Amino acid sequence: MSDSSSFDEQQLRSDVIQAARAMWERGYVSGTVGNISARLGDTDRLVITPSGAPYASMQPEDLALCSLQCEHLAGEAGPSMELALHAAVYCARPDVGAIVHSHAVHASAIAVCGGEIPFLLDEMAYSIGPISIPTAAYAPSGTQELAEHVVAALGRERVAILMANHGTLAVAPDVAQAFAISELIERAAKIFILAKMIGEPKDLTQSNTRK
Ligand SMILES: [Zn+2]
């Protein structure tokens, strides 16, 4: 079975499906867009949501098992069209164990403008860090160019970015954390848009209350 005891593939598959369902139920994706993956411990393999499959009926065994070299190793359905993006992020960031890519509406509205979500909410400091959420440059879905833009925007430490004219991307050591960051991106985006309607949102990076 596994060549590493540091992960449980069945558990990872369940975690991905649970997050995929939650992403769909919250309206962060519609139809079959968006995708979630998890790396199998420190191996060069990952499981990723399949291409063109509805979230409502997706099962753990439907996930595609792939290598970081983008080979489809197992799974009846093909991997998400964004496999190259996920693989590129794992190759660039050994600290990342899971990736959640959504098309959440409020965050996507900011991504359409090419803007950024400032460090607005106290709670952002604990999972995203006391920094803004920038927008990675645009490239069409499924291209190597998009993967490169996303890797560049994430840099060495970021866990949350927007993708120009597209959606959001959250990374973390595990699926639950990556999904929680994905939720926080959308929450911060919604609050930012609402706040701009009634005043001037205050960026906490300007605050001297934090070290
Ligand atoms: Zn997408």
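Everything below is about the structure shown above.
Note that this is a predicted model, so its numbers are computed, not measured.

Considerations on the overall build of the protein
Turning to step 1, where the next piece is worked out: Scanning the protein from terminus to terminus reveals six helices and eight strands.
Turning to step 2, where the next piece is worked out: Ordered by position in the sequence, the α and β elements of the protein form the string α-β-β-β-β-α-β-α-α-β-α-β-β-α.
Turning to step 3, where the next piece is worked out: Rg of the C-alpha trace for the protein: 17 Å, near the compact-globule value of 17 Å for 211 residues, within the 12% margin.
Turning to step 4, where the next piece is worked out: Seen through its C-alpha atoms, the protein measures out along the principal axes to roughly 55 × 35 × 30 Å.
Turning to step 5, where the next piece is worked out: Per-residue burial for the protein yields a buried fraction of 49% across its 211 residues.

Examining unusual backbone geometry
Turning to step 1, where the next piece is worked out: Within the chain, Cys 70 stands out as a residue other than glycine whose phi angle is a positive 70 degrees.
Turning to step 2, where the next piece is worked out: Note that Cys 70 resides in the loop between strand S3 (64-67) and strand S4 (72-74).
Turning to step 3, where the next piece is worked out: For Cys 70, a relative accessible area of 35% puts it in the partly exposed group.
Turning to step 4, where the next piece is worked out: Residue Asn 165 is not a glycine yet carries a positive backbone phi of 55 degrees.

Structural notes on the environment of Arg 156
Turning to step 1, where the next piece is worked out: Positionally, Arg 156 belongs in the loop between helix H5 (144-154) and strand S7 (160-163).
Turning to step 2, where the next piece is worked out: Looking at Arg 156, the relative accessible area reads 78%, which means it is exposed.
Turning to step 3, where the next piece is worked out: Separated by 88 residues in sequence, Arg 156 and Leu 68 place their C-alpha atoms 18 Å apart.

Focus: helix H1 (residues 9-25)
Turning to step 1, where the next piece is worked out: The first and last C-alpha atoms of H1 sit 24 Å apart over 17 residues, in line with the 24 Å expected at 1.5 Å per residue.
Turning to step 2, where the next piece is worked out: All of the buried residues along H1 are Leu 12, Arg 13, Val 16, Ile 17, Ala 19, Ala 20, Ala 22 and Met 23.
Turning to step 3, where the next piece is worked out: N-cap assignment for H1: the residue whose side-chain oxygen lies 3.0 Å from the backbone N of Gln 10 is Asp 8.

Notes on the coordination of the zinc ion
Turning to step 1, where the next piece is worked out: Each protein donor to the zinc ion is listed here as His 101 (NE2), His 103 (NE2) and His 166 (NE2); together their distances run 2.1 Å.
Turning to step 2, where the next piece is worked out: Counting residues between consecutive donors of the zinc ion along the chain gives the motif H-x1-H-x62-H.

Each value, and the rule that gives it
- Residues numbered from 1 in each chain as written.
- Predicted model: local features only at pLDDT ≥ 70, side-chain atom pairs only at ≥ 80, totals over all residues.
- Heavy atoms only, no water.
- Helix = DSSP H or I, 4+ residues; strand = E, 2+ residues; numbered from the N terminus.
- Rg over C-alpha atoms; globule rule 2.2 N^0.38 Å.
- Buried < 20%, exposed > 50% of the residue type's maximum accessible area, 1.4 Å probe, protein only.
- Expected span 1.5 Å × (residues − 1).
- Polar contact = N/O pair within 3.5 Å; in protein donor to acceptor, adjacent residues only side chain to side chain.
- Donors = N, O, S within 2.8 Å, 3.2 Å for Na, K, Ca; no water.

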